[in-house]
Amino acid sequence: MSESDLYAHLIGECGVSPNDYWKLTDAEVSAIATGYQIRRSEEAANFRNVYHLLYSVNSKRKKTAKQLWPLPTDNIRTDGKSKLTFEQRMSLYEKIKMN
C-alpha cells in the first residue's frame, strides 16, 4: 500500500483527522489500520451469521456458516493472534474493501 493510499485509508475510512495523521507513529498507524480491519471482519461475520440463521430456518440442507459464505478472515486464529503479517492483513483489507 502506497503512502497516499494509506493516508486516504486512515483519513477516509478510519476517521483520523489530517492534522492527527502526521503526528502518528508507524505503530499507531498499524494499530488503527488493524483495528479497522478487525471491526470490518466482525461486521461481515455478524452479517454471515444472520444469513446462516435465515438459511438454516428455510432450508433442509444443513451447512455451516463458513461453508455457506466463506470469509477472507476465516483463517485467523480464534485466540486473537493473527497468523497473517501486516502486509497480508493489508492485502486482506483490499479484498474486503472491494466487496
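Source: prediction; values computed, not measured.

Calculation rules
- Residues numbered from 1 in each chain as written.
- Predicted model: local features only at pLDDT ≥ 70, side-chain atom pairs only at ≥ 80, totals over all residues.
- Heavy atoms only, no water.
- Phe/Tyr/Trp six-rings, centres within 6.5 Å; stacked < 30°, edge-to-face > 60°.
- Helix = DSSP H or I, 4+ residues; strand = E, 2+ residues; numbered from the N terminus.
- Buried < 20%, exposed > 50% of the residue type's maximum accessible area, 1.4 Å probe, protein only.
- Contact = heavy atoms within 4.5 Å.
- Core = buried A, V, L, I, M, F, W, Y, C linked by side-chain atoms within 4.5 Å.
- Arc of directions from axis to C-beta.

## A word on the packing of aromatic side chains
Enumeration according to the criterion identifies five aromatic pairs in this entry. Following the ring pairs from residue to residue traces out a cluster consisting of Tyr7, Tyr21 and Trp22.

## Focus on the side chain of Arg48
With respect to the secondary-structure elements, Arg48 resides in helix α3 (residues 26-58). Take Arg48: its relative accessible area is 7%, and that puts it in the buried class. Residues contacting Arg48, with those up to four places away along its chain left out, are Ala65, Lys66, Trp69, Pro70, Leu71 and Asp74.

## A closer look at the side chain of Ser59
Checked against the element boundaries, Ser59 lands in the loop between α3 and α4 (65-68). With relative accessibility at 16%, the residue Ser59 sits in the buried group.

## Remarks on the nonpolar core
If you look at the biggest cluster of nonpolar residues, it comprises eight residues: Leu6, Leu10, Cys14, Val16, Tyr21, Val29, Tyr36 and Tyr93. At the level of secondary structure, the elements contributing two or more residues to this core comprise α1 (3-13) and α3. Beyond its immediate stretch of four places on either side in the chain, Tyr21 contacts Glu3, Leu6, Tyr7, Leu10, Ile11 and Val16.

## Concerning α1
Those residues of α1 not exposed but buried are Leu6, His9 and Leu10. Taken end-on, α1 shows its buried residues confined to a sector of 90 degrees, consistent with a single buried face. More than 90 degrees from the buried face of α1, the exposed residues found are Ser4 and Gly12. One or two steps after α1, the chain reaches Gly15, where phi turns positive at roughly 80 degrees.

## Things to note about the environment of Met1
For Met1, the position within the fold is in the segment before α1. By relative accessible area, which is 46% here, Met1 ends up partly exposed. With 89 residues separating them in the primary sequence, Met1 and Met90 have C-alpha atoms 7.4 Å apart. Setting aside anything within four residues of it in sequence, one finds Met1 in contact with Leu6, Met90, Tyr93 and Glu94.

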